[in-house]
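Chains, contacts and geometry: an overview
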Amino acid sequence: MLDFAVGDRSEVSCEQLYNKISFYRVNKFFTDYWKAYSLVLPYHQHQQSKAETYTIEGVNSRIR
């Protein structure tokens, strides 16, 4: 699945993205340490770690 939200790195932008993907059956969110993620994503489904995000960040930079 792929979705996106255009915005800054605020909590509001994170909420916009979360609202777009919240209807998918997501069991776990792996994120970096952006503060807004911990404010928006459900605690029991959220894991912060660069180990799980570095590959997709590399793909994203190639797409850009």
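The present account deals with the structure reproduced in this document.

Here is what the cut-offs are and how they apply
- Residues numbered from 1 in each chain as written.
- Predicted model: local features only at pLDDT ≥ 70, side-chain atom pairs only at ≥ 80, totals over all residues.
- Heavy atoms only, no water.
- Helix = DSSP H or I, 4+ residues; strand = E, 2+ residues; numbered from the N terminus.
- Rg over C-alpha atoms; globule rule 2.2 N^0.38 Å.
- Buried < 20%, exposed > 50% of the residue type's maximum accessible area, 1.4 Å probe, protein only.
- Areas by Shrake-Rupley, 256 points an atom, 1.4 Å probe, with all protein chains shown as cover.
- Lys, Arg positive; Asp, Glu negative; His and termini not counted.
- Charge placed at Lys NZ, Arg CZ, Asp CG, Glu CD.
- Core = buried A, V, L, I, M, F, W, Y, C linked by side-chain atoms within 4.5 Å.
- Contact = heavy atoms within 4.5 Å.

1. Some words on the overall build of the protein
Scanning the protein for helices and strands turns up three helices and two strands. Going from N to C terminus, the protein has its helices and strands arranged as α-β-α-β-α. Whereas a compact globule of 64 residues would reach a radius of gyration of roughly 11 Å, the protein reaches 12 Å, a difference of no more than 12%. Overall, the C-alpha framework of the protein stretches about 30 × 25 × 25 Å when taken along its three principal axes. Per-residue burial over the protein gives 27% buried out of 64 residues. Surface summary for the protein: the accessible area is close to 5200 Å², and the carbon and sulfur share equals 54%. One way to put it: in the protein the 8 positive side-chain charges average out to a point 4 Å from where the 7 negative ones average out.

2. Re the nonpolar core
The nonpolar side chains of a soluble globular protein tend to be buried, and buried together. Formed by Cys14, Ile21, Val26, Phe29, Trp34, Ala36, Tyr37, Val40 and Leu41, the largest nonpolar core amounts to nine residues. Within the residue set of this core, elements represented by two or more residues are helix H1 (11-21) and helix H2 (35-40). Top contributing element to this core by residue count: H2, with three residues. If we skip the residues at most four places from it in the chain, Phe29 touches Tyr18, Ile21, Leu41, Pro42, Gln45, His46 and Gln47.

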